Amino acid sequence: HHNWCNTDWDKFNEHLSNLLSLIPPRPLVSDEEFQQEAHRVMQAIISTIESTVPIAKPCPHSKHWWMRELTNLQKQVNELSHTAY
């Protein structure tokens, strides 16, 4: 399971662009050529995911919907709560 929330998207895009630049554009005249090129593009995407997207390490009690942004908002609420009293 990949942790898409913690992905460095700039690094992801750069890695994928570098791999795709190695696949020169060319006219595809047969279904076989199309399938070969589609396979090459898929391999570039899979390689990029494996290289740049971190693996999630969920514990049995983790909330899969929780994001870092929610943690930051929770801290803000707690700080406001403490200053109100």
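The structure under discussion appears in the preceding block.
Owing to the predicted nature of the structure, the values given are computational and were not obtained by experimental measurement.

Participant: Tell me about the overall build of the protein, residues and numbers included.
Facilitator: Of regular secondary structure, the protein possesses 3 helices and 0 strands. Against the globule reference of 12 Å for 85 residues, the protein gives a C-alpha radius of gyration of 21 Å, more extended than a compact globule. Referenced to the eigenvectors of the C-alpha coordinate spread, the extents of the protein come out at roughly 70 × 25 × 20 Å. For the protein, the residues scored as buried account for 13% of the 85 residues in total. When the accessible surface of the protein is summed, it comes to about 7200 Å², and 58% of that surface belongs to carbon and sulfur atoms. For the protein, the distance from the average site of its 7 positive side-chain charges to the average site of its 10 negative ones is 11 Å.

Participant: How would you sum up the packing of aromatic side chains? Please name residues and give values.
Facilitator: By the definition in use, this model includes 2 aromatic pairs. Relative to Trp-9, the ring of Trp-4 has its centre 6.1 Å away and its plane inclined at 15°; by these criteria the two rings are stacked. Accessibility expressed as a relative area gives 39% for Trp-4, which makes it partly exposed. Chaining the aromatic ring pairs together yields one cluster made of Trp-4, Trp-9 and Phe-12.

Participant: I'd like a rundown of the nonpolar core, residues and numbers included.
Facilitator: Among the nonpolar cores identified, the biggest contains 5 residues, and these are Phe-12, Leu-16, Ala-44, Ile-49 and Val-53. Those elements that provide at least two residues to this core are α1 (9-21) and α2 (31-52). Ile-49 has contacts with His-2, Trp-4 and Phe-12, leaving out every residue within four places of it along the chain.

About the criteria used
Residues numbered from 1 in each chain as written. Predicted model: local features only at pLDDT ≥ 70, side-chain atom pairs only at ≥ 80, totals over all residues. Heavy atoms only, no water. Helix = DSSP H or I, 4+ residues; strand = E, 2+ residues; numbered from the N terminus. Rg over C-alpha atoms; globule rule 2.2 N^0.38 Å. Buried < 20%, exposed > 50% of the residue type's maximum accessible area, 1.4 Å probe, protein only. Areas by Shrake-Rupley, 256 points an atom, 1.4 Å probe, with all protein chains shown as cover. Lys, Arg positive; Asp, Glu negative; His and termini not counted. Charge placed at Lys NZ, Arg CZ, Asp CG, Glu CD. Phe/Tyr/Trp six-rings, centres within 6.5 Å; stacked < 30°, edge-to-face > 60°. Core = buried A, V, L, I, M, F, W, Y, C linked by side-chain atoms within 4.5 Å. Contact = heavy atoms within 4.5 Å.

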